[in-house]
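Survey of secondary and tertiary structure
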Amino acid sequence: MIHERRIRPAISAELPETLDPQLRSREVTAMTGPLVLPPSLPQSGVRQLLRYSFWPIEFLEDCAARLGETFSIELAGLGTFVQLTRPDDIRDVFKADETTLHAGEVNVLLSSVVGTSSVLVLDEKPHVRQRKAMLPPLKGERMRTFFDAMRSETLAIADQWTGAGVVRADKAMQSITLRVIIRASLGLESGPEFDVMQSAMAKLLAHVRHPLALVMWKLFPLARFENSKILPFFRMRRKFDTILNACFDRQRALPEEQRPECLLKDLLATQYDDGSRMSNHELRDAIVTVLAAGHDTTALALAWAFELILPRADVVAKIVEELDSVTDGHLPSLEDIEKLPYLDAVIRESLRVRNVIPMVARLVKKEISVGGFSYPKDIVLCPSIHLLHMRGDLYPEPKLFRPERFLERKFAPYEWIPFGGGNRACLGQAFAIYEMKVVLATLFSTLRLERRDGAVSRPVRRGVSIGPSDGSLLRVIERRPTKS
Ligand code: HEM
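Okay, so let's go over this structure. A quick note: this is a predicted structure, and the numbers were derived from the prediction, not measured. (Residues numbered from 1 in each chain as written. Predicted model: local features only at pLDDT ≥ 70, side-chain atom pairs only at ≥ 80, totals over all residues.)

**Thoughts on the overall build of the chain**
Going by this rule: Strands here mean DSSP runs of E at least two residues long; helices mean DSSP runs of H or I at least four residues long; both are numbered from the N terminus. To sort residues by exposure, count the other C-beta atoms lying within 10 Å of each residue's C-beta; 20 or more gives buried, 12 or fewer gives exposed, and values between give partly exposed, all with C-beta atoms placed from the backbone. Our contact criterion uses C-beta atoms placed from the backbone: two residues qualify when those atoms are within 7 Å.
Helix and strand counts for the chain stand at 20 helices and 14 strands. Expressed as a percentage of its 484 residues, the buried residues of the chain come to 44%. Within the chain, contacts between residues separated by at least 24 positions form 74% of all contacts whose residues are at least 6 apart in sequence.

Rendered as structure tokens:
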């Protein structure tokens, strides 16, 4: 975060001719000389913060329309965030090494929930060490072992939805993704311990969903109240940690071959390069990180997918046609999930059009040149996921939901970035896409759904994520018969 600017001159970037010349670039008088930063709106930091908190997408689009491809936003109390929307600039940021740009420092407010040894809040060597330990369990064959959990939790929702009329997609998707991620990370099956864990995690996460969560954490840093016996957040966190530690101890006591197949089993077996094993503290933070990062994001991405798919009869027809041709009217199996290229394109296109996280952030630690500007220490550079995805030169008619784009062309890792990129790219990308595929394939095989008449989903902030204001309201028309 930037609090003051001790900055040297830099080269101003070219901006479109149509822009107001007064907004072209900002020369700021700083302690060591003038600084030229990309332009920002002539609005106070408080106003920009409120706009970004309550109307995030409209605010970013308004800035881009008035300020051009590269601009700054000022968020009161949080700092200056330079928005990058050109693929080449984003590539340069993602390619920079861990000592030049830090992401963990920007995320440090999250440590009250995810802990101080979470991969999300670390940088440089400690980050590389945790990342290396966590990646293998979240991809490939291991990920596919969670197919049954994903499908059975989705079928439970299909049963609840049958005959229910109008339903909110986001709540149901949250239930699926939370239950799946608890099963996948701890190997717990339904029962009293599972229920306590589910309710504790849901309550813990409720604290981070407020539109102003990050601002409130900045104003009232939770770490200062860490030992509070009164604040419900800390009471809940302690209860949650006690359950987790009991789970770790129980599984650690079992011979390896008797431990349930889950992320915890892999982490218990992980050996760092120096031969040491993960401590309970590191295990706790790794598991909570996965529970927190992998649950709401995927649920909101699914809620948005329904919002985009259901009003389009042509897209629904193609999804169902592809499913029927692969499954022959049965429930989709593990093998079937690999054979659904159109559904895969639908998911990629919905993650492009409705991004769950509008930008990622990197704090400059060593001077770096990007797109004609030279950024000194303490500036925050933000590859803008939303504005990159709305570029007409990459995605003609960018607001149009057209899954075929992803069948016609392969996009570079800095052209399609719902999961960020570089050495901080989302560790759960493969897991999330796989889970979305299993959930959508199962629901479209078992139910006929439509969008509720007149429903409107405005993008609203839920902590760091963006979700649909109405929760994405659907109407369940009828059950589709499936062969046994
Ligand atoms: C559709 C669902 C998801 C979206 C849109 C999403 C998006 C993101 C984004 C944008 C980042 C930051 C990347 C960057 O800074 O460049 C991130 C980081 C991360 N995500 Fe996800 N994510 C999703 C699902 C998941 C899942 C399912 C998991 C775990 C099972 C997960 C675990 C993580 C972790 C651990 C990080 C931190 C990586 C690091 O700092 O090295 N995410 N995610």
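Now, onward.
**Quick word on the nonpolar core**
Here is the rule we go by: The term nonpolar core refers to a group of buried residues, namely Ala, Val, Leu, Ile, Met, Phe, Trp, Tyr and Cys, whose C-beta atoms join them within 7 Å.
One finds Ile287, Ala301, Leu302 and Ala305 to be the most contacted residues of the largest nonpolar core, which totals 81 residues. By size, the runner-up hydrophobic cluster in this structure holds 40 residues, among which are Leu78, Leu363, Val364 and Cys382.

**Regarding the sheet that holds strand 3 (residues 70-75)**
The line we're drawing: In short, DSSP must find at least two bridges between two strands for them to pair.
Read from one edge to the other, the open sheet built from five strands follows the order 3-4-10-7-5, with strand pairing classed as mixed. Both edges of this open sheet fall to strand 3 and strand 5 (101-102), since each of them pairs with a single strand only. For strand 5 and strand 7 (residues 362-364), the ladder comprises two bridges, and the chain directions are antiparallel. Across the sheet, the residue bridging to His102 is Leu363, located in strand 7.

**Observations regarding the site of the ligand**
This is how it is decided: In this entry, near means the residue's backbone-placed C-beta atom lies within 6 Å of the molecule or strand. Throughout this entry, Asp, Glu, Lys and Arg are counted as charged residues, while Ala, Val, Leu, Ile, Met, Phe, Trp, Tyr, Cys and Pro are counted as nonpolar. The remaining residues, Gly among them, count as polar.
In the region of the ligand, 26 residues are neighbours, and Gly294, Thr297, Gly420, Cys426 and Gly428 sit closest. When contributions to the shell around the ligand are tallied by element, the ones reaching two or more residues are helix 13 (280-293), helix 14 (296-309) and helix 20 (429-446). Grouping the constituent residues of the shell around the ligand by class yields 17 nonpolar, seven polar and two charged.

**Quick look at helix 15 (residues 313-327)**
What counts, and what does not: Helix span, expected: 1.5 Å multiplied by one less than the number of residues in the helix. What the arc covers is the set of directions going from the helix axis to the C-beta atoms.
The end-to-end C-alpha separation of helix 15 is 21 Å, in line with the 21 Å expected for 15 residues at 1.5 Å each. Of the residues making up helix 15, those classed as buried are Val315, Ile319 and Leu323. One face of helix 15 carries all of its buried residues, which in axial projection span an arc of 65°. Exposed and facing more than 90 degrees away from the buried side of helix 15 are Ala313, Asp314, Ala317, Glu321 and Ser325. The elements touched by buried residues of helix 15 are helix 14, helix 17 (341-353) and helix 20. With its phi angle positive at about 55°, Asp328 sits one or two positions after the end of helix 15.

**Looking at the environment of Thr145**
Looking at the secondary structure, you find Thr145 in the loop between helix 6 (140-144) and helix 7 (147-161). Residue classification places Thr145 among the partly exposed residues on the basis of 13 C-beta atoms within 10 Å. Measuring from C-alpha to C-alpha, the distance between Thr145 and Ala184 comes to 8.7 Å, with 39 residues separating the pair along the chain.

**A few points about helix 14**
The α-helix advances 3.6 residues per turn, and as a result positions three or four apart in sequence lie on the same side. A rise of 1.5 Å per residue sets the reference length of helix 14, with its 14 residues, at 20 Å; its end C-alpha atoms lie 20 Å apart and thus fit the reference within 8%. Taking burial as the measure, the 14 residues of helix 14 include 13 buried ones, the bulk of the element.

**Quick word on the packing of helix 8 (residues 169-186) against helix 14**
Our working definition: The axes used here are C-alpha line fits, helices contributing only the stretch in contact, and every angle between their N-to-C directions lies in the interval 0 to 180 degrees. Convention used here: angles under 35 degrees read as roughly parallel, angles over 145 as roughly antiparallel, angles from 65 to 115 as roughly perpendicular, and any remaining angle as oblique. Whether a crossing is left-handed or right-handed is set by the direction in which the near helix is turned from the far one by less than a right angle, anticlockwise for left-handed and clockwise for right-handed.
Closest axis-to-axis distance for the helix 8/helix 14 pair is 8 Å, and the angle between their directions is 140°. Judged by the angle between their axes, helix 8 and helix 14 are oblique. Between helix 8 and helix 14 lies a crossing whose hand is right-handed. Of the residues in helix 14, those touching helix 8 at Ala169, Asp170, Met173, Gln174 and Thr177 are Asp296, Thr298, Ala299, Leu300, Leu302, Ala303 and Phe306. Here the contact of helix 8 with helix 14 is built from residues that sort into seven nonpolar, three polar and two charged.

**Some details on the environment of Arg479**
Along the chain, the position of Arg479 falls in strand 14 (residues 473-479). In this structure the C-alpha to C-alpha distance between Arg479 and Leu447, which are 32 residues apart in sequence, comes to 4.5 Å. The residues touching Arg479, leaving out its near neighbours within four places in the chain, are Thr162, Thr446 and Leu447.

**Observations concerning unusual backbone geometry**
At Asp328, a residue that is not glycine, the phi angle is positive and equals roughly 55°. With respect to the helices and strands, the residue Asp328 is situated in the loop between helix 15 and helix 16 (334-337). Overall, the presence of 9 C-beta atoms within 10 Å leaves Asp328 in the exposed class.

**A few points about the pairing of strand 14**
Looking along a regular strand, one sees side chains alternate from face to face of the sheet. In terms of strand pairing, strand 6 (residues 166-168) meets strand 14 through three bridges, oriented antiparallel. In the strand pairing of strand 14, Arg168 is matched with Leu473. Bridge count between strand 11 (residues 447-451) and strand 14: five bridges; the pairing is antiparallel. Counterpart to Leu447 in the pairing with strand 14 is Arg479.

**Quick look at the environment of Thr162**
In this fold, Thr162 is placed in the loop between helix 7 and strand 6. Expressed as a C-alpha distance, the spacing of Thr162 and Ile477, which sit 315 residues apart in the sequence, is 8.3 Å.

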